[in-house]
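Fold and contact review
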Amino acid sequence: MRRETRPEALDAAGRDAVRAGGTRTPADAVHIDPARVDPAVLGTLLARHGWTRRGGAEGRYIRWTPPDDLEPDTSLLVPADRRFDDSVDLLDEAIAALSHSGVPSARAILAALLVPGDEIHWRRETPGVGGAVSWGSEEDLHDGATAMLSAAAKAGLLRAAYFGARLDGRAAEFLDRILVVAPGTGAGLLTAYAPAPDDRNITTTLVRALEATRDAIDLQRVSGRTEAFDDGVRLGVSRELIASVVTLVRGSEGIEISLDWAASVGTPLGFANRRLHLEFSPGDLPALEAAGERLEHSEPAVEVELTGAVIRLKRPVPGGEGQARLAVLSGADVDEVRVRLGEDDYRTAVESHLAGVPVRLRGRLERKGGFRKLSVPSTLVPLELDAAERDRMLKALRLRVGEPAAREDNEGG
């Protein structure tokens, strides 16, 4: 299938309308260029959302009507392809009809045309009045979905039972590429669009990891065995993923997570006829919470040799040992680490900070504190840099920790 609904088809106004926190909806604020819409993609989306095919001129166009006889006067003529002179006009009319339609799925179809990506849907059932839910419930929905996507992004790069602060930067970069439909999708509902095919490995990791989590819960309920959670780590299960499910489930009557592959890209290899649709309930919480705790404590400390810039120094009294905080430049998948230093190494760290040169040392990146602590450190060695290297290092440091953190006053002597 050709991919014609490319990101170029989404103008600046369109991106504003579909980013999280946007104030406009795809239906009334965004122009979709019909020349960039693939008729096959539009047909796939209509069928996916339950629109009914009513025939049409064979090989020329297909007539579609809304599901469940909603809006009987609405029908779309979608060309079979773009070979005919009137194909762009028909697509333009179909898009206009969707924009003015009150059928709930019309908004989702337009959003999928605007944002070619894999659609991840969350539904969180909570008590409410008239379809409304509490503010805190919506916050839990967004927090849980954010944590789930972050966990999948990390697992797409590295399999681990517990990540802590590792790969936080890479996960944040992925989240910046996620788009969501502007407010108006309904209380307790959230849909996110993950870039496809660029970040497909993250989406497929999420599918496998959630399926493995569901299977592990079911196995524990039937047999009492818990090893399936540990085995699931190789599929992307982590303490962070489990914690995200707990956030979504706790305080709710249950959650549903589903995924539709981007119609403009097609189904990934190995996922034919496979659509993620999973449910988790409050009855799953004991197994999830126990598994999360076990996975966190099963991840070993990591031996690393890292290069970092000293950004904070502290010791209770002049002389003796103290603590340094380093912005990691290389050697570990965390932004910062804390390390306790003896008197000589502490003095070296002070001199390196004043001179603006990085240091290098080895140690064990500890699980405690989210892999932000370096224990059993080797001798701290300053690195000699020429002027150009020093400028590059300082620029990278400012981007990494921000100017305010770099200017923090040192404490102690």
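Use the structure listed above.
**With respect to the nonpolar core**
In this structure, Trp-122, Met-148 and Leu-210 are the most contacted members of the largest nonpolar core, which totals 48 residues. Tallying contributions element by element places helix 8 (residues 200-223) first for this core, with eight residues. Discounting chain neighbours no more than four positions away, the residues touching Met-148 are Trp-122, Leu-206, Leu-210, Leu-241, Ser-244, Val-245, Leu-248 and Ile-257. Val-41, Ala-94, Leu-110 and Val-115 belong to the second-largest nonpolar core, a separate cluster that totals 27 residues.

**What to know about unusual backbone geometry**
In this chain, Ala-196 is followed by Pro-197 through a cis amide linkage whose omega measures 5 degrees. Residue placement: Pro-197 occurs in the loop between strand 6 (189-195) and helix 8. For Phe-371, which is not glycine, the phi torsion reads 65 degrees and is therefore positive. Within the secondary structure, Phe-371 is located in helix 13 (residues 368-371).

**What to know about the packing of aromatic side chains**
Within this structure, the stated rule accounts for two aromatic pairs. With a centroid separation of 5.7 Å and an interplanar angle of 40 degrees, the aromatic rings of Tyr-162 and Phe-371 are classed as tilted. Residue Tyr-162 is located in the loop between helix 6 (135-155) and helix 7 (168-176), and its partner Phe-371 is located in helix 13; the two are separated by 209 residues in the primary sequence. By the burial criterion, Tyr-162 is buried, and Phe-371 matches it.

Reading guide: rules and limits
- Residues numbered from 1 in each chain as written.
- Predicted model: local features only at pLDDT ≥ 70, side-chain atom pairs only at ≥ 80, totals over all residues.
- Heavy atoms only, no water.
- Core = buried A, V, L, I, M, F, W, Y, C linked by side-chain atoms within 4.5 Å.
- Buried < 20%, exposed > 50% of the residue type's maximum accessible area, 1.4 Å probe, protein only.
- Helix = DSSP H or I, 4+ residues; strand = E, 2+ residues; numbered from the N terminus.
- Contact = heavy atoms within 4.5 Å.
- Phe/Tyr/Trp six-rings, centres within 6.5 Å; stacked < 30°, edge-to-face > 60°.

Honestly, that's just the spatial picture; any functional story needs more than this.
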